[in-house]
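# Commentary on secondary and tertiary structure
Listed below, chain by chain, are the residues.
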Amino acid sequence: MHASQAATSNTPLTREAMEAFWLPMTPNRQFKSRPRLFVGAEGMHYVAQDGQRILDGMAGLWCVNAGHGQRRIVEAIQTQAAKLDFVSSFQMSHPAAFELAGRIAEIAPSGLDHVFFTNSGSESVDTALKIARGYHRTRGEASRIRFISRAKAYHGMGWGGLSVSGIVRHRRDFGPLLPEVDHLSHTHNLEHAAFSRGQPGWGAHLADELEKLLSIHDPSTVAAVIVEPVTGSGGVFPPPVGYLERLREICDRHGILLIFDEVITGFGRVGAAFAANAFGVTPDIITCAKGMTNAAVPMGGVIVSGKVYDALMTGPENTIELFHGYTYSAHPLACAAALAALDVYQDLGLFERARRIAPRWEAAAHALRGAPHIIDIRNIGLLAAIDLKPRDGAAGARGAECAGRCYDDGILIRASGDTLLLSPPLIIEEEQIEALFAAVRRALAAVG
C-alpha cells in the first residue's frame, strides 16, 4: 500500500512510510519505533489508530478551546474554501479580515483596537517585537532596542521569540541569539507559594527586579517588557497578586511598552477573553494565536493600542508604515474559522463557563496533594500543573512515565520534564475532570 493510502486507513504505518516526516519537538527515532497516531477527534476525545478513545486533557496543544470537530467551524471553512480560497493582504484583502479584526478588538481590553494578523504564536511574538522597535524609532527614540522577558518564559520558536524565551533547553543549541535581551526571575517559589490556588499571595515584589535591570541598562535603551500573564509551557505559573500591576507601573514610568503574550491564555483559558481582561491590567500589545480559530486553521494576531498604531501612521498616505507581513496574513480560510470560533465561544458562553467550572477544576487538582511524588500543584482558570520530585540522576523520567501511563489509561496530558501540564477544552464536564485527575492519581501510584 502506498504511504498516502496507509495514512487514511487503520493499517499501521511502517517505519519506512514514516521516515520522510521530521516531527517537531519530538524524539523522532523513538517515536517512529512506537508511533502514537490519531485518526479522528470529536468533542473532548481523540480517536487513536487502534480505535481507542483518548480524553484530551491538553486541548490539543493548549488550543482546541471549544473541543474538536465543532460543526459550525468546519462548515465555515468548507464554505469559504469554495468561495475564495486565497487573497493576499499585501495592498488588497477581503471583507472577513476587517470583520474579524473588529470582533477581536471588541473583546480585547479597552484601547487595544488594531489587529495585525499572523499565522502562529511564534510569528505573533516576532511581529510584536518588531512593532515595538518600530514604534520607538518612529518617535525618535531609536536607542530603545532592548527587550526584557522572564526566566522560564516560552515565546515561540522564531529568532526574536527564542531570544526572549527563558527555557534553557529551547535556546541552548541555536546561539548566538539577539544580544539586546535580559530576563527577570520567574515567580515560582516552593518555599513561599507551594500548592497555591489561583494567584499566589507571595511574589509581587519580584516585579521590582525590573527597576534593577533598568538601572543597569538605562531605561532609554529598553523597547519593551514581554511576559506571559500566566507562564504556560514553562510550568503554569499564575502571576502573584499585584505583580502585573507593578510591571505596568514601572513600564509607564519609563516609557517602555508592555507586551502580554496571550497565545495560551487568549480566548477563554482563564475565564475571560484575555488574561488582561481577567487580571484588570492592560498592556500596550497582546499576542495571540491557538484558540483564535479553535486550532482548526493556523492563525495568530497582534493586538495593539491606538497609541502604538497611531505613532506608526506617519508620513505620506502612500507610504507603507510597517515593512512587515506574511503571505498568509488574514488568510480567508483562517478568518472564516476564527469568525465561526468566536460565534461558538459566544453561543456556548465558554469564557463564562470556564470561569464557572474553574473552582471544580481547582478542587480536583488539589485533591491530589499527598499523592506519591508530588511536590507542588498550581492552577488558574482551566490550567493546572503538577510538579513531581525528580528521580535521582534521571530528571524528567518520572514525568514522562506518568504521562505515558495516563495515555495508556485513555487520558492525554503533557509532561514537561517532571511537571505534568493540563489544559483541557473549555467544554469539559465535571465527570471528565474527575476521570482526568483519577487517571493521574493511578499513574502516580504506579510510578516508582
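Residues numbered from 1 in each chain as written. Predicted model: local features only at pLDDT ≥ 70, side-chain atom pairs only at ≥ 80, totals over all residues. Heavy atoms only, no water.

## Comments concerning helix 15 (residues 332-347)
With 16 residues, helix 15 extends 23 Å between its outermost C-alpha atoms, agreeing within 8% with the 22 Å of an ideal straight helix rising 1.5 Å per residue. Of all the 16 residues making up helix 15, 13 are buried; the element is thus mostly covered by neighbouring parts of the structure. Downstream of helix 15 by one or two residues, Gly349 has phi in the positive range, about 55°. (Helix = DSSP H or I, 4+ residues; strand = E, 2+ residues; numbered from the N terminus. Expected span 1.5 Å × (residues − 1). Buried < 20%, exposed > 50% of the residue type's maximum accessible area, 1.4 Å probe, protein only.)

## Considerations on the packing of helix 6 (residues 95-107) against helix 15
At their nearest, the axes of helix 6 and helix 15 sit 9 Å apart, and the two run at 35° to each other. In this structure, helix 6 crosses over helix 15, and the sense of that crossing is left-handed. Residues Ala96, Ala97, Glu99, Leu100, Arg103, Ile104 and Ile107 of helix 6 form the contact with helix 15, whose own contacting residues are Cys335, Ala338, Leu339, Leu342, Asp343 and Gln346. Among the residues making up the contact of helix 6 with helix 15, the classes are represented as 9 nonpolar, 1 polar and 3 charged. (Axes fitted to C-alpha atoms, helices over the stretch in contact; angles between N-to-C directions. Left-handed = near helix turned anticlockwise from the far one by under 90°. Contact = heavy atoms within 4.5 Å. Nonpolar A, V, L, I, M, F, W, Y, C, P; charged D, E, K, R; others polar.)

## Some remarks on the domain arrangement of the chain
By the assigned domains, the chain splits into domain 1 (15-65 + 349-446) and domain 2 (74-348). Between domain 1 and domain 2, the C-alpha centre-to-centre distance is 26 Å. Of the residues lining the interface, 36 residues belong to domain 1; the matching set on domain 2 comes to 35 residues. Interface of domain 1 and domain 2: buried area, both sides summed, is about 3000 Å²; carbon and sulfur atoms make up 62% of it. Contact with domain 2 buries surface across domain 1, with Trp62, Phe351 and Ile380 losing the most and accounting together for 23% of the total. Taken together, the links from domain 1 to domain 2 amount to 1 salt bridge. We note a salt bridge from Glu362 to Arg197, for which the minimum N-O separation is 3.8 Å. Our count for the contact surface shared by domain 1 and domain 2 stands at 19 residue pairs in polar contact (both at pLDDT 80 or more). Listed by contribution, the elements that provide at least two residues to the side of domain 1 that touches domain 2 are helix 4 (59-62), helix 16 (350-366), strand 11 (374-380), strand 12 (383-388) and strand 14 (414-416). Taken together, the residues that form the side of domain 1 that touches domain 2 break down as 22 nonpolar, 7 polar and 7 charged. (Domains from an automatic or database assignment. Buried area = accessible area lost by both parts, 1.4 Å probe. Salt bridge = Lys/Arg side-chain N within 4 Å of Asp/Glu carboxyl O. Polar contact = N/O pair within 3.5 Å; in protein donor to acceptor, adjacent residues only side chain to side chain.)

## A closer look at the packing of helix 5 (residues 71-83) against helix 15
Interaxial distance between helix 5 and helix 15 falls to 8 Å at its minimum, and their mutual angle equals 155°. If you check the angle between helix 5 and helix 15, you find them roughly antiparallel. Pair helix 5 / helix 15 crosses with right-handed handedness. Judged by residue contacts, Arg72, Ile73, Ala76, Ile77, Gln80 and Ala81 of helix 5 engage Pro332, Leu333, Ala336, Ala337, Ala340, Ala341, Asp343, Val344 and Asp347 from helix 15. Looking at the contact of helix 5 with helix 15 residue by residue, the class counts come to 11 nonpolar, 1 polar and 3 charged. (Parallel < 35°, antiparallel > 145°, perpendicular 65-115°, else oblique.)

## Considering the sheet that holds strand 7 (residues 222-227)
Pairing in this open sheet of 7 strands is mixed, and the strands run 4-10-9-8-7-5-6 from one edge to the other. The strands lining the two open edges of the sheet, one partner per strand, are strand 4 (112-118) and strand 6 (181-184). Looking at each pair of strands side by side, their axes are set apart by 20° on average, direction ignored. Inspection of the sheet shows strand 5 (residues 146-150) paired to strand 7 by 3 bridges, in the parallel sense. In the strand pairing of strand 7, Phe147 is matched with Ala224. Packing of helix 6 onto the sheet brings it into contact with strand 4 and strand 10 (300-305), and relative to strand 4 it is tilted by some 130°. (Pairing = 2+ DSSP bridges.)

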